[in-house]
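The lines below spell out each chain.
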Amino acid sequence: MAPSWWGRDARANGGGGGTPVVVKMENPNWSISEVSASEVAPDSPAGGGGGKAGRGKNARQITWVLLLKAHRAAGRLTGAASAALAVAAAARRRVAAGRTDSDAAPGENTALRTRFYGCIRMFLVLSLLLLAVEVAAYLQGWHLDVEEGLLAVDGLFAAAYAGWMRARLDYLAPPLQFLTNACVVLFLIQSVDRLVLCLGCFWIRLKGIKPVPLAAGKEDVEAGAEDFPMVLVQMPMCNEREVYQQSIGAVCSLDWPRSNFLVQVLDDSDDATTSALIKEEVEKWQREGVRIIYRHRVIRDGYKAGNLKSAMNCSYVKDYEFVVIFDADFQPQADFLKRTVPHFKGKDDVGLVQARWSFVNKDENLLTRLQNINLCFHFEVEQQVNGAFLNFFGFNGTAGVWRIKALEDSGGWMERTTVEDMDIAVRAHLKGWKFVFLNDVECQCELPESYEAYRKQQHRWHSGPMQLFRLCFVDIIKSKIGFWKKFNLIFLFFLLRKLILPFYSFTLFCVILPMTMFVPEAELPAWIVCYIPATMSILNILPAPKSFPFIVPYLLFENTMSVTKFNAMISGLFQLGSAYEWVVTKKSGRSSEGDLLALVEKHSKQQRVGSAPNLDALTKEESNPKKDSKKKKHNRIYRKELALSFLLLTAAARSLLSAQGIHFYFLLFQGVSFLVVGLDLIGEQVE
């Protein structure tokens, strides 16, 4: 309510004159409601425009309105300051912990990472020296871009600075400008490719293009084998203690005649306790009447590819027509097989039917939200468009159904790369097999919630394709597929999307842009720095419209991740030490509560033989927040990201001296983004 003195002042001036102002003081932000002059009585001083008292009172009211608005702004600044203090406290804890990415896991090769970090550190030191020189020149009053003004200045420093300007004009600027132009051309080509993919997705939606099976499977369980073919379900896993129970339960609950499908749990765990738990879970479902087998390899060669290859060598595999693969954290819906297997019927040239992924933890933190944007574009646009117009796309390694004949015809699983899924897809495509992508069939899984886990996953996903490109390039050239299919494989699938994209992203925005600040004779246009990246980010975010508020963090984070992707691409292309590293992505064991409750309800209606998994207890355990609080959490400091952060912030300071506008803001925000990631302030690390 308004203070009493305000009312006395109003009564002293005639009771109702002026512009009434209602002030609410219940919260620090103080809301203000103003009434326009048109609502005031015409005979009042404010309405009639006359009287010194009215003018004086209106001036006082405006003063108080401005003061209250200033207080509101101060309240918001206080909130921002509190958030900044919380971030600073978290950063201080990271530094005090002393854990950095140099603390390698057992067997992890860090030689390439150390050399890469050394190069970035060298650029950082050089940029700091150049910034010191430019600041000194600026304080002397010399124009930073004009050499003629220095000819009349005496002194050693002036001569040295003039020599530096001549050197960068004659020797540094031309090659830097050439590299800049080359990266700009690559950027534009990749942007056109992205635009064409989006137009293809729009056309699919406009025309309602959708894969349709020739005949859907009958609901009658006693239907013939042609309606319910024999299906082998494989679940490769390795130390997946957090997720094995709900995933095995979901797979064993698939709506398919039990006599017509067999589940293989392919356990590569080296932890005896985890293996015992998985084996016990398999035995429970065996007592339920589910045809499920537990396999544990003694010699664990070849990672996931070796695991799948070993399972396909079993004698009983010849009795099955199709094989379905689910990674350990995937939870298919009960009707998954009924919605995927019918797409093979009457289409003998179809070798793969791939479903899309959905994520149970996409809103867990900022990192998972940004991953969701990327993967929604991957499935909604890339996979769907390539499947609809080319009948080819990269197999995602899980949530897909293979015709066993296509696997055998393509040479089976090979252990030569860390992307065995892409390897088998390329070889099947060269043999003439077609792929079908189902955008409306989803399989739930889990996104990495920590930056460390996400970074290792992305390293494997970007190193493996370069290994594969080296190995299959000659096979693609010699294959009998058409010219345009070869062009799509070599240029679009491998070079443009797997090699050029991480190359220009890192080189253009993390190397060339900072260097052009210190060598201003080489120019990078503002539309390359701002407008084109913003347009591409909008296109990327269209399949996930609810994520639109995160468009700026997404753009900055993608440039930040280009460091990891570039490092992985180089290691895979040149067969460096980290190219063959395989680190299982850490899981937290999150599940869809609705799916678990449905699973409990379904199995409570069935007659059980012997003991069965305690799904009620599992549901309570999943919904109990105390479970996660017992886990030990830790975070690391990532040196490459921190070094690049300081490099970009140094370049931002240099651009501020020369008033380069949009370049300064981009460098500033990108440097802060690298700083946030370098201090591991994005995501949550769980051990």
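Labelled according to an unreviewed UniProt entry, the chain appears under the name Xyloglucan glycosyltransferase 7, originating from Panicum miliaceum. A UniProt comment under Sequence similarities (unreviewed entry) is attached to the chain, and it reads "Belongs to the glycosyltransferase 2 family. Plant cellulose synthase-like C subfamily." Note on the chain: under the UniProt heading Subcellular location (unreviewed entry), the record states "Golgi apparatus membrane".

Looking now at unusual backbone geometry. The backbone of N239 sits at a positive phi, close to 55°, despite the residue not being glycine. Positionally, N239 belongs in the loop between strand 3 (231-237) and helix 6 (244-252). We classify N239 as partly exposed; its relative accessible area is 30%. One non-glycine residue, N391, adopts positive backbone phi at about 55°. For N391, the position within the fold is in the loop between helix 10 (366-390) and strand 9 (400-403). On the basis of relative accessible area, N391 is assigned to the partly exposed category, the value being 29%.

Attention now goes to the pairing of strand 10 (residues 434-445). Of all 12 residues in strand 10, nine are buried; the element is thus mostly enclosed. Pairing of strand 8 (residues 350-359) with strand 10, which is carried by nine bridges, proceeds in the parallel orientation. Looking at the pairing, W357 lines up with C443 of strand 10.

Ranked by size, the top nonpolar core spans 84 residues in total, and within it I248, W402 and V426 carry the most contacts. When residues in this core are grouped by element, the largest group, seven residues, is from strand 10. Counting only domains with at least three residues in this core, you end up with domain 1 (111-134 + 171-209 + 450-588 + 635-686) and domain 2 (231-447). Contacts of I248, omitting those with residues within four sequence positions, involve M235, V265, I278, E281, V282, W285 and I292. Counting 43 residues, the second largest nonpolar core, distinct from the first, contains L124, Y504, L508 and A643.

Here we come to the sheet that holds strand 8. The strands that make up a sheet pair up through hydrogen bonds in the backbone, lying either parallel or antiparallel. Reading across the sheet, the eight strands line up as 5-4-3-6-9-8-10-7 and stay open at both edges, with mixed pairing between neighbours. Edge strands, defined here as strands with exactly one partner in the open sheet, are strand 5 (292-296) and strand 7 (331-332). Here strand 6 (residues 322-325) runs beside strand 9; their pairing, made up of four bridges, is antiparallel. Bridge assignment links V324 to a residue of strand 9, and that residue is V401. Helix 8 (residues 303-312) contacts strand 3, strand 4 (261-267), strand 5 and strand 6 of the sheet and is inclined by roughly 145° relative to strand 3.

This part takes up the UniProt feature "transmembrane region" (unreviewed entry) in the chain. Under the UniProt annotation, the feature "transmembrane region" (unreviewed entry) is placed at residues 122-141, 178-204, 489-518, 524-542 and 637-656. For residues 524-542, the end-to-end C-alpha separation is 28 Å, with 84% helix and 0% strand making up the annotated structure. Across residues 637-656 one finds 90% helix and 0% strand; the C-alpha atoms that close the span lie 28 Å apart.

Our focus in this paragraph is the packing of helix 5 (residues 156-207) against helix 14 (residues 483-518). Running from amino to carboxyl end, helix 5 crosses helix 14 at an angle of 145°, the nearest separation of the two axes being 8 Å. In this structure, helix 5 meets helix 14 at a crossing whose hand is left-handed. Its residues assigned to classes, the contact of helix 5 with helix 14 comprises 20 nonpolar, four polar and four charged.

Scanning the model with the defined rule gives 20 salt bridges in all. Residue R654 is joined to E134 by a salt bridge in which the shortest nitrogen-to-oxygen separation is 3.9 Å. Taken together, the positions of R654 in helix 20 (residues 639-657) and E134 in helix 4 (residues 111-139) put the pair 520 residues apart, joining distant regions of the chain. Of the two residues, R654 and E134, both sit in the buried class.

Quick look at a nonpolar patch on the surface now. Taken together, the side chains of F202, W203, L206, I209, F389 and L390 make up a nonpolar region of the molecular surface, amounting to roughly 600 Å² of accessible area. No other element matches the three residues that helix 5 contributes to the nonpolar patch. In this fold, F389 is placed in helix 10. Assessed through its relative accessible area of 43%, F389 is described here as partly exposed.

For the pair helix 10 and helix 16 (residues 551-573), the least separation of the axes is 10 Å and the interaxial angle reads 85°. By the criterion of interaxial angle, the relationship of helix 10 to helix 16 is roughly perpendicular. Here L367, L370, I373 and N374 of helix 10 lie close against helix 16, whose contacting residues are P553, Y554, F557 and E558. By residue class, the composition of the contact of helix 10 with helix 16 is six nonpolar, one polar and one charged.

Calculation notes
Residues numbered from 1 in each chain as written. Predicted model: local features only at pLDDT ≥ 70, side-chain atom pairs only at ≥ 80, totals over all residues. Heavy atoms only, no water. UniProt positions renumbered as here; feature names shortened; annotations may be inferred. Helix = DSSP H or I, 4+ residues; strand = E, 2+ residues; numbered from the N terminus. Buried < 20%, exposed > 50% of the residue type's maximum accessible area, 1.4 Å probe, protein only. Pairing = 2+ DSSP bridges. Core = buried A, V, L, I, M, F, W, Y, C linked by side-chain atoms within 4.5 Å. Domains from an automatic or database assignment. Contact = heavy atoms within 4.5 Å. Axes fitted to C-alpha atoms, helices over the stretch in contact; angles between N-to-C directions. Left-handed = near helix turned anticlockwise from the far one by under 90°. Nonpolar A, V, L, I, M, F, W, Y, C, P; charged D, E, K, R; others polar. Salt bridge = Lys/Arg side-chain N within 4 Å of Asp/Glu carboxyl O. Patch = residues over 30% accessible without salt bridge, like charges linked within 9 Å, V, L, I, M, F, W, Y side chains within 5 Å. Areas by Shrake-Rupley, 256 points an atom, 1.4 Å probe, with all protein chains shown as cover. Parallel < 35°, antiparallel > 145°, perpendicular 65-115°, else oblique.

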